[in-house]
Amino acid sequence: MGVSGAKEFYKGIGQINFEGKESDNPLAFRYYNPDQIVAGKTMREHFKFAISYWHSFGGHGSDLFGGGTRSFVWDEYKEPIRAAKNRADAAFEFISKMGFDYFCFHDFDLVQEGETFAQSELRLATMTDYLKEKKNATGIKALWGTANCFSHPRYMNGAATNPDFNIVARAGAQVKLALDATIALDGENFVIWGGREGYLSLLNTDMARELDHMAQFLTQVRDYGRQQGFKGGFLLEPKPMEPSKHQYDFDCATTIGFLREYGLEKDFKLNIEVNHATLAQHTFQHELEVAAKAGMLGSIDANRGDYHNGWDTAQFPNNIQEVTEAMLVFLKAGGVQGGGVNFDAKIRRNSTDIEDIFLAHIGGADIFARALLTADKIITSSPYESLRAQRYSSFDTGKGKEFEDGKLNLTDLYTIAKENGEIQLQSGKQELFENIINRYI
Ligand code: XLS
Ligand code: NI
């Protein structure tokens with residue numbers, strides 16, 4: 001089958017367009033207007049929305065208690081390359097119909113892993129060429145690539161942190177090929193998610209040695225990529241647990257500390273996922289803020305968790321409060337550095353209509369767009385910013401300013417406090433801040 005994709009997979013669904021918030025059409029954007037300018041950039045540029053290849057074209061809906069509920073037309077061929085090309089055709093059709101510009105992939109989302117390493121290498125090379133043609137024909141780009149170093153049984157004790165060197169080497173080989181594919185596809189970033197880089201039990205784990213190995217591994221990945229001319233960002237994706245009991249990239253603060261300890265902070269940034277943040281007992285906006293402060297806000301994996309479940313449900317985003325607060329941080333940070341917003345989200349197991357995947361992405365894009373518009377209004381026309389600044393105004397002049405400038409020692413603080421006498425309480429005004437957010441939503 002040619003690159004143009006002779007076959008139509010999403011029959012009966014046309015181009016998804018912006019129709020405005022009064023539209024009754026469920027297959028239209030109500031807030032996401034790609035060319036609309038907000039805070040100096042178009043929405044398209046702010047978000048760089050990406051489709052995740054694995055959930056959207058590989059997720060059949062299986063869970064711990066049952067198999068898949070969706071059978072994809074593009075899986076009709078048993079022969080792996082034919083099936084993979086079919087899947088790529090479906091992916092590019094879907095992304096084009098959504099009007100998005102990007103996709104994200106694992107090596108073995110593109111094609112089924114082979115029986116041997118050599119066979120996998122060949123398959124991957126074939127599919128990279130095929131995707132390159134499709135990319136050139138459509139202009140749809142790779143936001144990031146990554147290697148799946150967690151599904152195969154060989155990685156049950158970890159990949160880069162496996163206690164068996166031969167597995168570490170195998171992971172290295174796999175990452176090399178995934179990075180080669182990403183570079184060949186002009187991928188803008190390379191992600192590493194360490195789903196099994198951690199432990200199931202600390203009793204059988206030499207944590208210090210494993211962390212050293214992980215750093216050594218990432219250093220070699222970085223050096224190889226740069227030698228091959230890769231200029232994009234390397235991104236670590238924090239997640240505290242699942243599938244491991246404990247994962248080393250627990251949250252943003254932990255991951256930043258790790259990167260700095262091993263001198264990797266110049267090349268690596270973070271890919272922040274909403275449901276991973278909440279699994280770590282943080283909010284999404286907290287994680288964005290931590291990364292932004294460190295200059296490491298690289299990219300976003302958009303989804304949401306469930307208030308009542310403690311696991312990674314990876315639902316499509318639809319919590320306007322959460323995303324609006326996140327967009328406040330996003331706008332103030334000047335957006336993400338080099339990355340975008342990848343929908344690392346899956347439709348529910350009982351969502352089995354062909355249109356459901358469209359509805360999910362439309363909802364996700366609309367929530368981000370609406371939140372961006374709201375956050376921009378809050379910043380530009382509400383008292384939010386000035387109220388917050390006001391809380392710190394005692395540091396703007398006088399002794400407070402001297403403290404910030406490092407000109408006061410502990411004895412100076414003692415003298416000032418003694419002279420001050422009793423201090424008047426200053427309200428935190430939390431409810432006022434909350435009301436302002438709600439007013440603009
Ligand atoms: C899983 C992760 C995964 C990464 C890519 O929890 O979010 O999907 O984004 O390996
Ligand atoms: Ni993710």
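Residues numbered from 1 in each chain as written. Chains lettered and ligands numbered in written order. Predicted model: local features only at pLDDT ≥ 70, side-chain atom pairs only at ≥ 80, totals over all residues. Heavy atoms only, no water.

Chemist: Before we go on, may I ask you to explain the UniProt feature "active site" (unreviewed entry) in the protein chain in this structure?
Modeler: What UniProt calls "active site" (unreviewed entry) maps, in this numbering, to His106 and Asp109. Here, the largest pocket is lined by His106 and Asp109 out of the annotated residues. Tracing the backbone shows His106 in strand E4 (residues 102–106). Positionally, Asp109 belongs in helix H4 (residues 107–110). (UniProt positions renumbered as here; feature names shortened; annotations may be inferred. 1 Å grid on protein atoms, 1.4 Å probe; cavity = no way out; pocket = protein on both sides within 12 Å on 5 of 7 lines; lining within 4 Å. Helix = DSSP H or I, 4+ residues; strand = E, 2+ residues; numbered from the N terminus.)

Chemist: So what exactly am I meant to see when it comes to the coordination of the nickel ion (ligand 2) here?
Modeler: By definition of the ideal shapes, a tetrahedral metal site with four donors has angles of 109.5 degrees and an octahedral site with six donors has angles of 90 or 180 degrees. With distances of 2.0 to 2.2 Å, the protein atoms coordinating the nickel ion (ligand 2) are Glu237 (OE), Glu273 (OE), Asp301 (OD) and Asp344 (OD). What the six donor atoms of the nickel ion (ligand 2) show is an angle range of 77 to 176 degrees at the metal, which sorts the shape as octahedral. Read from N- to C-terminus, the donor residues coordinating the nickel ion (ligand 2) fall into the pattern E-x35-E-x27-D-x42-D. In this pair, Glu273 sits in strand E10 (residues 268–273) while Asp301 sits in strand E11 (residues 297–302), placing the two residues 28 residues apart along the sequence. For Glu273, a relative accessible area of 4% gives the class buried. Judged by relative accessible area, which is 0%, Asp301 ranks as buried. (Donors = N, O, S within 2.8 Å, 3.2 Å for Na, K, Ca; no water. Tetrahedral: all angles 85-135°; square planar, octahedral: opposite > 155°, others 65-115°. Buried < 20%, exposed > 50% of the residue type's maximum accessible area, 1.4 Å probe, protein only.)

Chemist: Explain the side chain of Gln247 to me, please; I cannot follow it from the model alone.
Modeler: Assignment of secondary structure puts Gln247 in strand E9 (residues 246–247). Looking at Gln247, its side chain comes within polar contact range of the main-chain nitrogen of Ser244, at 3.0 Å. Those residues in contact with Gln247, other than ones at most four positions away along the chain, are Trp193, Gly194, Gly195, Glu197, Gly198, Lys239, Pro240, Met241 and Glu242. (Polar contact = N/O pair within 3.5 Å; in protein donor to acceptor, adjacent residues only side chain to side chain. Contact = heavy atoms within 4.5 Å.)

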